[in-house]
Each structure stands twice: as C-alpha cells, then as structure tokens.
Amino acid sequence: SAFGANGLGADGEQILADDEDSDMDEEELEEFRRTEVRKLFDLIDRDDSQTIERSEVGMLLKALGRSDVNQRAIEEGFQRLDTDNSGRIEWEEFYALFRGGGGVGRGGGVGVKGLGE
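Residues numbered from 1 in each chain as written. Predicted model: local features only at pLDDT ≥ 70, side-chain atom pairs only at ≥ 80, totals over all residues. Heavy atoms only, no water.

1. Topic: the nonpolar core
Among the nonpolar cores identified, the biggest contains 18 residues, and Val37, Ile52, Val57, Ile89, Trp91 and Phe94 are the most heavily contacted of them. Going through the elements one at a time, helix H1 (26–44), helix H2 (54–63), helix H3 (71–81) and helix H4 (91–98) are the ones with two or more residues in this core. Looking at which element gives the most residues to this core, the answer is H4, with five residues. (Core = buried A, V, L, I, M, F, W, Y, C linked by side-chain atoms within 4.5 Å. Buried < 20%, exposed > 50% of the residue type's maximum accessible area, 1.4 Å probe, protein only. Helix = DSSP H or I, 4+ residues; strand = E, 2+ residues; numbered from the N terminus.)

2. A look at the side chain of Asp82
With respect to the helices and strands, Asp82 occurs in the loop between H3 and strand S2 (89–90). Buried charge without a partner: Asp82 forms no salt bridge, and the closest opposite charge is Arg54, 4.9 Å away. At 2.7 Å, the side chain of Asp82 forms a polar contact with the backbone nitrogen of Gly87. (Lys, Arg positive; Asp, Glu negative; His and termini not counted. Salt bridge = Lys/Arg side-chain N within 4 Å of Asp/Glu carboxyl O. Polar contact = N/O pair within 3.5 Å; in protein donor to acceptor, adjacent residues only side chain to side chain.)

3. Comments concerning the confidence of the model for the protein chain
Confidence along the protein chain averages 77 in pLDDT terms, with 67% of residues attaining 70 or more. For the stretch residues 103–114, pLDDT sits under 50, and the model shows 37 contacts to residues farther than four places along the chain or on other chains. (pLDDT = per-residue confidence, 0-100. Contact = heavy atoms within 4.5 Å.)

4. Focus: the packing of H2 against H3
Viewed as axis vectors pointing N to C, H2 and H3 meet at an angle of 125°, and their least axial separation amounts to 11 Å. The pairing of H2 with H3 is recorded here as oblique in orientation. The element H2 and its partner H3 pack so that their crossing is right-handed. Packed against H2, whose contacting residues are Arg54, Val57, Gly58 and Leu61, the element H3 presents Ile74, Glu75, Phe78 and Gln79 at the interface. Each residue belonging to the contact of H2 with H3 can be placed in one class, and the counts come to four nonpolar, two polar and two charged. (Axes fitted to C-alpha atoms, helices over the stretch in contact; angles between N-to-C directions. Parallel < 35°, antiparallel > 145°, perpendicular 65-115°, else oblique. Left-handed = near helix turned anticlockwise from the far one by under 90°. Nonpolar A, V, L, I, M, F, W, Y, C, P; charged D, E, K, R; others polar.)

5. What to know about the pattern of salt bridges
Considering all chains together, one arrives at eight salt bridges under this definition. Glu30 is the partner of Arg33 in a salt bridge, and the nearest nitrogen-oxygen pair spans 3.8 Å. Here Arg33 and its partner Glu30 are both found in helix H1, three residues apart, which amounts to about one turn of the helix. Accessibility expressed as a relative area gives 18% for Arg33, which makes it buried. Note on Glu30: relative accessible area 22%, which makes it partly exposed. Residues Arg38 and Asp42 are paired through a salt bridge, measuring 3.1 Å at the closest nitrogen-oxygen approach. Of this pair, Arg38 and Asp42 both sit in helix H1, four residues apart, which is roughly one turn of the helix. Judged by its relative accessible area of 35%, Asp42 falls in the partly exposed class. Taken together, the shared-partner salt bridges connect Glu30, Arg33 and Arg99 into one network.

Following this line, the structure appears as structure tokens:
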C-alpha cells in the first residue's frame, strides 16, 4: 500500500491508536487524533485550499518514493475517498479514512491504503 495499513506507519507500527497506558480519556484521545491527522492533511494540501486534489496525492506519493503507483490506482483510491464526488477530498472525508469508516457516507473500510493501491 502506498499509505500503509489503516493506522499503521511505514514500518507496521501502530500509530494514532488507543494506548491502554494513556491517561487520556476518550474525548482527549479523539481530540489528539483529530489534531495529528489535521497536521497530515495540511501537509498534503500544498495549495492551502482546505481540500486535497489529485495532483497533491500524486506529489505525496512521489515524495514518499512511490513512483511505482500508476495513475489509475491513484484515481480509484481517490474516488473511494471523495465520497461526495466533488473532485476533491475534504477534511471530513480524509479524517473518516483514519477512523476506519472508509469515507463519509460510505460503509466499508477503505483504510489508509485506500489511495494508491
């Protein structure tokens, strides 16, 4: 997968997951997740449009050294995440990916690997 498994880093280590040893309650943990995922969203949103466009996904994959991912795979993953078919991935659509929802308004777990493979 171009983005790793749902909630997993490149080395397979779980990130943004519940930490049983954490002193955070569910609300604090959710706020922490939203903040961290928002940072990632903002890094991908290179033009500060508050949405992620196809070209930004392509740039991200190249920056990650994933030039092996073809345009068709990017398009298929993008369409799975762009649940309102706007041609852009909005914040809530992106965040739903990390919550395991596969996108706003769609059942199924696209997961982080939903883009690019």
